[in-house]
Amino acid sequence: MPDVNRRSEQSRRAIMWATMSMVGDTGYARMTVEAIASRAGVGKQTIYRWWPRGKAALVLDALAENVATGPAALPDSGDLEADLRTVVRATVAEFADPKLSATTRALTVETLADDDLAAQVRDRLLRPQLDAVRDRLEAARDAGHVRAGADLDHAVESIFGPIFHRWLLRTGPLTDEYAEGLLQHVMAALR
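Read on for a plain summary of the structure. (Residues numbered from 1 in each chain as written. Predicted model: local features only at pLDDT ≥ 70, side-chain atom pairs only at ≥ 80, totals over all residues. Heavy atoms only, no water.)

Observations concerning the pattern of salt bridges
Then, number 1: Applying the stated criterion to the full structure yields 18 salt bridges.
Then, number 2: With a shortest N-O distance of 2.9 Å, aspartate 123 and arginine 122 are connected by a salt bridge.
Then, number 3: Arginine 122 sits in the partly exposed class, given a relative accessible area of 38%.
Then, number 4: Put simply, aspartate 153 and arginine 134 hold a salt bridge, and the shortest N to O gap is 2.8 Å. Residue aspartate 153 is found in helix α8 (residues 152-169), and its partner arginine 134 is found in helix α7 (residues 115-142); the two are separated by 19 residues along the sequence. (Salt bridge = Lys/Arg side-chain N within 4 Å of Asp/Glu carboxyl O. Buried < 20%, exposed > 50% of the residue type's maximum accessible area, 1.4 Å probe, protein only. Helix = DSSP H or I, 4+ residues; strand = E, 2+ residues; numbered from the N terminus.)

Concerning unusual backbone geometry
Then, number 1: Look at arginine 170: it is not a glycine, yet its phi comes out positive at around 55°.
Then, number 2: Along the polypeptide, arginine 170 turns up in the loop between α8 and α9 (176-190).
Then, number 3: Using a relative accessible area of 61% as the deciding quantity, one classes arginine 170 as exposed.

Brief notes about a nonpolar patch on the surface
Then, number 1: Nonpolar side chains collect at one region of the surface, where Phe164, Leu168 and Leu169 lie side by side and expose about 260 Å² of accessible area between them.
Then, number 2: Structurally, leucine 169 is set in helix α8.
Then, number 3: The class of leucine 169 is exposed, set by a relative accessible area of 53%. (Patch = residues over 30% accessible without salt bridge, like charges linked within 9 Å, V, L, I, M, F, W, Y side chains within 5 Å. Areas by Shrake-Rupley, 256 points an atom, 1.4 Å probe, with all protein chains shown as cover.)

Re the packing of helix α5 (residues 80-96) against helix α6 (residues 98-112)
The description of two packed helices rests on the angle between their axes and on the distance between the axes.
Then, number 1: Relative orientation of the contacting elements α5 and α6 amounts to 80°, with a least axis distance of 5 Å. Viewed along their axes, α5 and α6 adopt a mutual orientation that is roughly perpendicular. Residues Glu94, Phe95 and Ala96 of α5 touch α6, and the partners they reach there are Pro98, Leu100, Ser101 and Thr104.
Then, number 2: In terms of residue class, the contact of α5 with α6 is built from 4 nonpolar, 2 polar and 1 charged. (Axes fitted to C-alpha atoms, helices over the stretch in contact; angles between N-to-C directions. Parallel < 35°, antiparallel > 145°, perpendicular 65-115°, else oblique. Contact = heavy atoms within 4.5 Å. Nonpolar A, V, L, I, M, F, W, Y, C, P; charged D, E, K, R; others polar.)

Comments concerning the packing of aromatic side chains
Then, number 1: Taken as a whole, this structure holds 4 aromatic pairs when the rule is applied.
Then, number 2: Consider the rings of tryptophan 50 and tryptophan 51, whose centres lie 6.0 Å apart with planes at 75°: the pair is edge-to-face.
Then, number 3: Take tryptophan 50: its relative accessible area is 3%, and that puts it in the buried class.
Then, number 4: With a centroid separation of 6.3 Å and an interplanar angle of 80°, the aromatic rings of phenylalanine 95 and phenylalanine 164 are classed as edge-to-face. Taken together, the positions of phenylalanine 95 in helix α5 and phenylalanine 164 in helix α8 put the pair 69 residues apart, joining distant regions of the chain.
Then, number 5: The class of phenylalanine 95 is buried, set by a relative accessible area of 17%. (Phe/Tyr/Trp six-rings, centres within 6.5 Å; stacked < 30°, edge-to-face > 60°.)

Remarks on the environment of valine 92
Then, number 1: Along the chain, valine 92 falls in helix α5.
Then, number 2: On the basis of relative accessibility, which here comes to 2%, the residue valine 92 falls in the buried class.
Then, number 3: Put simply, valine 92 and leucine 182 are 90 residues apart on the chain and 10 Å apart in space, counted from C-alpha to C-alpha.
Then, number 4: Setting aside chain neighbours within four positions, we find valine 92 in contact with Ile163, Leu174, Thr175, Tyr178 and Ala179.

Below is the structure:
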C-alpha cells in the first residue's frame, strides 16, 4: 500500500484518472507505468515510489477507488427477483465486456502468484459487492421473501460463482439469457 502521507492529492487524482482511462483505452496488458505517468503528467518514479509493487497494485487502487464511488447498497424495490436480475445482468455484462474482461483476467492472473494482492482484490473489490447482495438477501429473508433456513453466504456464491466459472473457463457465452436462467435457479433455491 502506498504511503498516502507523501502524496500530492492532485498528482494522486491524476494518476488514478490516467490509470482508469488507460485500462479503457489500451487494456491492462499493453498499459505501462511509464505511459500512465506520461498521461498523468508525473514522473514514473512518483508512481514507483507510491506503488512499489507495480502496475497490478496501481490498477487495484484505481479500481477500488472507482468501486468506492459507486452505490454502497443494492436498491430494495421490494421485488427481490427484480433487484437480483439487475445485479446479475450487470455482472454478466461486465464480464462479457472485452476491455473490462481483459483487465479482470490480467488482475486475476496476478492474484494467482501473489497472495497479498489476492486478499486485497477480494477485500477491496469483491467483498463490498458480495456484502451488498448478502444484505439485500437478508432484508428479503426478514420480509419473508426468502425461506427462513436459506444460507445467505451460499446464496451469494450461487449467484456469482457460476458467472465467474463461465467467464474464467469460457464454458459458454455471457448473455442476458444466461443471466435469466441463472437467476431462475437461484430464486428456486431461495423460495
